[in-house]
Amino acid sequence: MGTEKPSSLPTADSASTDPVDQVIRYHIQTKHHFNRYARSMGFLDWANQPDPFRRFAGAELTPLPLLKPDEEPISPAYEAIYHSEGVACQPVTVQALSRFFEFALALSAWKKGGETEWALRSNPSSGNLHPTEGYVVLPQIDGLDMRPGLYHYAPREHGLERRAAFPTEVVAQLLAPFPSRAFLFGLSSVHWREAWKYGERAFRYCNHDVGHALGSARVAAATLGWKMVLLDGADQNTVAMLLGTHRVDDFAGVEPEHPDCLCVLWPSGSVKREASLVNRDEREMPLFLDPSVVKGLAETSWYGKANKLSGEHGVHWDAIDQVADASWKVSSDLLALSGFRSLANDASQATSDAGPPAGQIIRQRRSAVSFDGRTSISSARFFQMLQRVMPRPERPQLERPVPWDLWPHAPAIHLMIFVHRVEGLTPGLYVLVRDRAKLPLIQQSLNPELVWTQLPGCPEDLPLSWLLEGDAKRAAAQVSCHQEIAADSAFSLGMLAEFEGRLRQTGAWFYPRLFWEAGVLGQVLYLEAEAAGVRGTGIGCFFDDPVHEMLGVQGLSFQSLYHFTIGGPVEDRRMMTLPPYHHLNR
Ligand SMILES: Cc1cc2nc3c(=O)[nH]c(=O)nc-3n(C[C@H](O)[C@H](O)[C@H](O)COP(=O)(O)O)c2cc1C
């Protein structure tokens, strides 16, 4: 995969209309350089700061119950969610949906500093701007007291706004290929929220945030014993029609939403309908939706008009619209999940409940704003964190571990790791190849003089190589826009994506997916850091090409898309922390 030689490199001003050239051009154009950042306003227009909370006026809001940690459904041990069949399967009820959204997209705290108060959420977001909006498509489900339809999640109210009423039989028809009690979860992005601060580079950040939200949703589903898979065979018009983002009147004069993706979720204890077992291979599940059924749904009753998020928009960044168009997924692919088995989950199989509950780890997740420059982690912990980001591509899809069972593509992201303070490991530069089959491709694409040394003591299933010895602290901070968080940690890393070859082979629509995969990976690291008693921070600001030069990356074969850092945090004690829903009287 992706072994073909890079074709002539498009440059930032090349006029090619080929979508792959266009997304590559956007990527080059939005790089940060030592002497020049990607284009943005260069200042923050506070008067027009976007509202982080979208609401649809006229859409009925169903408040979800605000559950205490010890109310049902109680979350299992954090460790248990990574073991298949480790969690008892919960039925789809309003309580379970409430937990799902609490762990996926809800507020997790309010912070107060002086007169300013801002909300944090279970999912992180670049600049805490939260461009990502969440939706569910619910069919008639026994035990779930909600009418079939499309609902928008309102995080400030922890409620579901009914955007559309869908006829019971038509939703049932749409979801017929999936296990019983399946429903859909969708994400869209308000690009403006990130563009307000970050200008042209914002499309990248919106897609990182989609990846984080996919990761937080997958983990949330896992705490309930639910499966979740990205329906990435669906074309984007279908996603738009189902999420209602194409409805011009509902968004007239306000910031549009870009339809990103749809996932199917189901309780893993669901047994497939007996009739279908006779003729169908139960090991195949389609990862697309029937566009004609979706079209029928899109013509039913809709409710609500989206709110305006900013009074005025100083600058409109055309580059974002252009890359969004170029990466629009026009084809509906007959992608199917092989190796699919509908497991009858036996609650008695639930594994040990040792260690902190998943809910605790999810609620306490935060980004470190600075690190102490002292805390180290053990090599065993370091290896465990890296094992959690391994998708195990050699396994059938649904046997991949959480959250990688969500991802229907071969992995494209590998890690270049700056080890600063890991006990038993020499400080220096390391590379984790997340798909062993790609090792030759990676080795060919980097500086040929690098010596790849296997680490003694490293678990066999971890393709981690040691490349360079030395103190990488200064270099890590320097390439991360001079942010000390990349140096004062135990380790920091850059996520290297298989780039031009993969895009030319798969299509421009894969460009956002590279960021989604990086975001899911970042979400795993955030949670793993909390579980290890340390803390993580995503780093979207880095100088692109100086990172590539450190490894001697050839051309556009690989590109670093996202950085991350983990270490001992230093709390900012000037901030007050308030409970997430203290503003509601429920
Ligand atoms: C894609 C992405 C990029 C980020 N980039 C940076 C960064 O460059 N520097 C930084 O200090 N924090 C960065 N963050 C952390 C955010 O500022 C943080 O997630 C946000 O303020 C919300 O806080 P929380 O993560 O504690 O909920 C990034 C987060 C994400 C998801």
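Structure: above.
Description of the structure in this document. Everything numeric in this text was worked out from a predicted model, so none of it was measured. (Residues numbered from 1 in each chain as written. Predicted model: local features only at pLDDT ≥ 70, side-chain atom pairs only at ≥ 80, totals over all residues. Heavy atoms only, no water.)

### Here's the deal with the overall build of the chain
Test applied: The secondary structure listing takes helices from DSSP runs of H or I that are at least 4 residues long and strands from runs of E that are at least 2 residues long, numbered from the N terminus. Throughout, the radius of gyration refers to the C-alpha atoms, and the reference size of a globule is 2.2 Å times the residue count to the power 0.38. For each residue, the accessible area found with a 1.4 Å probe, counting protein chains only, is set against the maximum for its type, and the residue is called buried under 20%, exposed over 50%, and partly exposed in between. As used throughout, the charge tally considers Lys and Arg to be positive and Asp and Glu to be negative, leaving His and the chain termini uncounted. Charge placement uses NZ in Lys and CZ in Arg. For Asp and Glu, CG and CD serve respectively.
Within the chain, the secondary structure is distributed over 16 helices and 24 strands. By the compact-globule yardstick of 25 Å for 586 residues, the chain fits well, its C-alpha radius of gyration being 23 Å. With the principal axes as the frame, the chain shows a C-alpha extent of 60 × 55 × 55 Å. Scored against the burial criterion, the 586 residues of the chain give a buried share of 59%. Where the 55 positive side-chain charges of the chain centre and where its 67 negative ones centre are 2 Å apart.

### Here's the deal with the site of the ligand
Condition: Proximity is defined per residue: any heavy atom of the residue falling within 4 Å of a molecule or strand makes that residue near it. Here a polar contact means two N or O atoms within 3.5 Å. Within protein one must be a hydrogen donor candidate and the other an acceptor candidate, and residues neighboring in sequence count only if both atoms are side-chain atoms. Throughout, the ten residues Ala, Val, Leu, Ile, Met, Phe, Trp, Tyr, Cys and Pro are labelled nonpolar, Asp, Glu, Lys and Arg are labelled charged, and all others, Gly among them, are labelled polar.
Inspection of the region around the ligand gives 22 residues, with Arg-365, Ser-367, Gln-483, Gly-538 and Gly-540 positioned closest. Gly-540 is positioned with one of its backbone polar atoms (N or O) 2.9 Å from a nitrogen atom of the ligand. Looking at side-chain class alone, the shell around the ligand contains 7 nonpolar, 11 polar and 4 charged residues.

### Details of the sheet that holds strand β3 (residues 107-113)
As a reminder, the rule being used: Pairing between strands is defined by DSSP: at least two bridges between the two strands are required. Note on definitions: angles span 0 to 180 degrees between N-to-C directions of axes, and those axes are lines fitted to C-alpha atoms, for helices only across the stretch in contact.
Spatially, β4-β3-β24 is the arrangement adopted by the 3 strands of the open sheet, whose pairing is antiparallel. Looking at strand neighbours, the two that pair on one side only are β4 (116-121) and β24 (576-578), the edges of this open sheet. Direction aside, the axes of adjacent strands within the sheet are offset by 30° on average. In terms of strand pairing, β3 meets β24 through 3 bridges, oriented antiparallel. Counted as the bridge partner of Lys-112 is Met-576 from β24.

### Notes on the environment of Gly-244
Note the threshold: A contact between two residues is defined here by any heavy atoms of the two lying within 4.5 Å.
Topologically, Gly-244 is positioned in the loop between α6 (236-243) and β10 (258-267). Separated by 140 residues in the primary sequence, Gly-244 and Ala-104 place their C-alpha atoms 21 Å from one another. Setting aside chain neighbours within four positions, we find Gly-244 in contact with Leu-150, Arg-163, Phe-251 and Trp-302.

### Some thoughts on the state of the cysteines
The condition that has to hold: Put simply, a disulfide is two cysteine sulfurs that come within 2.5 Å.
Counted by the stated rule, this structure contains 1 disulfide. Paired through a disulfide, Cys-481 and Cys-541 show a sulfur-sulfur distance of 2.2 Å. Where Cys-481 bonds to Cys-541 through sulfur, the torsion about that S-S bond is close to -85°, and the disulfide is left-handed. One end of the pair, Cys-481, is in the loop between α13 (473-479) and β21 (491-498); the other, Cys-541, is in the loop between β22 (535-539) and α16 (544-551), and 60 residues separate them in sequence. Judged by its relative accessible area of 22%, Cys-541 is partly exposed.

### Here we look at unusual backbone geometry
For the peptide bond that leads from Glu-72 to Pro-73, omega is -5°, which places it in the cis range. Topologically, Pro-73 is positioned in the loop between β2 (61-63) and α2 (94-104). With an omega of 0°, the peptide bond running from Val-402 to Pro-403 counts as cis. Structurally, Pro-403 can be placed in the loop between α11 (379-388) and β16 (413-419). Residue Asn-128 is not a glycine yet carries a positive backbone phi of 55°. Position of Asn-128 among the secondary structure elements: in the loop between β4 and β5 (132-138). The backbone phi angle of His-482 is positive, close to 60°, even though this residue is not glycine. By the element assignment, His-482 lies in the loop between α13 and β21.

### With respect to the pattern of salt bridges
Side chains that differ in sign of charge can pair as their charged atoms come close. Definition in use: Criterion for a salt bridge: a side-chain nitrogen of Lys or Arg within 4 Å of a carboxyl oxygen of Asp or Glu.
What the rule picks out here adds up to 35 salt bridges. Residue Glu-498 is joined to Lys-438 by a salt bridge in which the shortest nitrogen-to-oxygen separation is 3.0 Å. A residue pair is termed long-range when its members are at least 10 positions apart, and Glu-498 in strand β21 and Lys-438 in the loop between β18 (428-432) and α12 (439-445) qualify at 60 residues. The same class applies to Glu-498 and to Lys-438, which are both buried. Salt-bridge contacts for Asp-572 lead to Arg-574; the nearest nitrogen and oxygen are separated by 2.8 Å. For Arg-574, a relative accessible area of 69% puts it in the exposed group. Through salt bridges that share partners, Asp-18, Asp-21, Glu-500 and Arg-504 make up one connected network.

### A short note on the sheet that holds β16
The strand order across the open sheet built from 7 strands is β19-β20-β18-β16-β21-β23-β22, with neighbouring strands paired in antiparallel fashion. Looking along the sheet, the strands with just one partner apiece sit at the ends: β19 (453-454) and β22. As judged from the 5 bridges shared by β22 and strand β23 (residues 558-567), these two strands associate in the antiparallel manner. From the neighbouring strand, Arg-535 faces β23, where its bridge partner is Gly-567. With respect to the sheet, α11 is in contact with β16, β18, β20 (464-469), β21 and β23, its orientation differing from that of β16 by roughly 165°. Against the sheet, helix α15 (residues 510-531) touches β16, β21, β22 and β23, its axis set at about 10° to β23.

### As for α2
Within α2, 10 of the 11 residues are buried, which leaves it mostly tucked inside the rest of the structure. Buried residues of α2: Val-94, Ala-96, Leu-97, Ser-98, Arg-99, Phe-100, Phe-101, Glu-102, Phe-103 and Ala-104, and no others.

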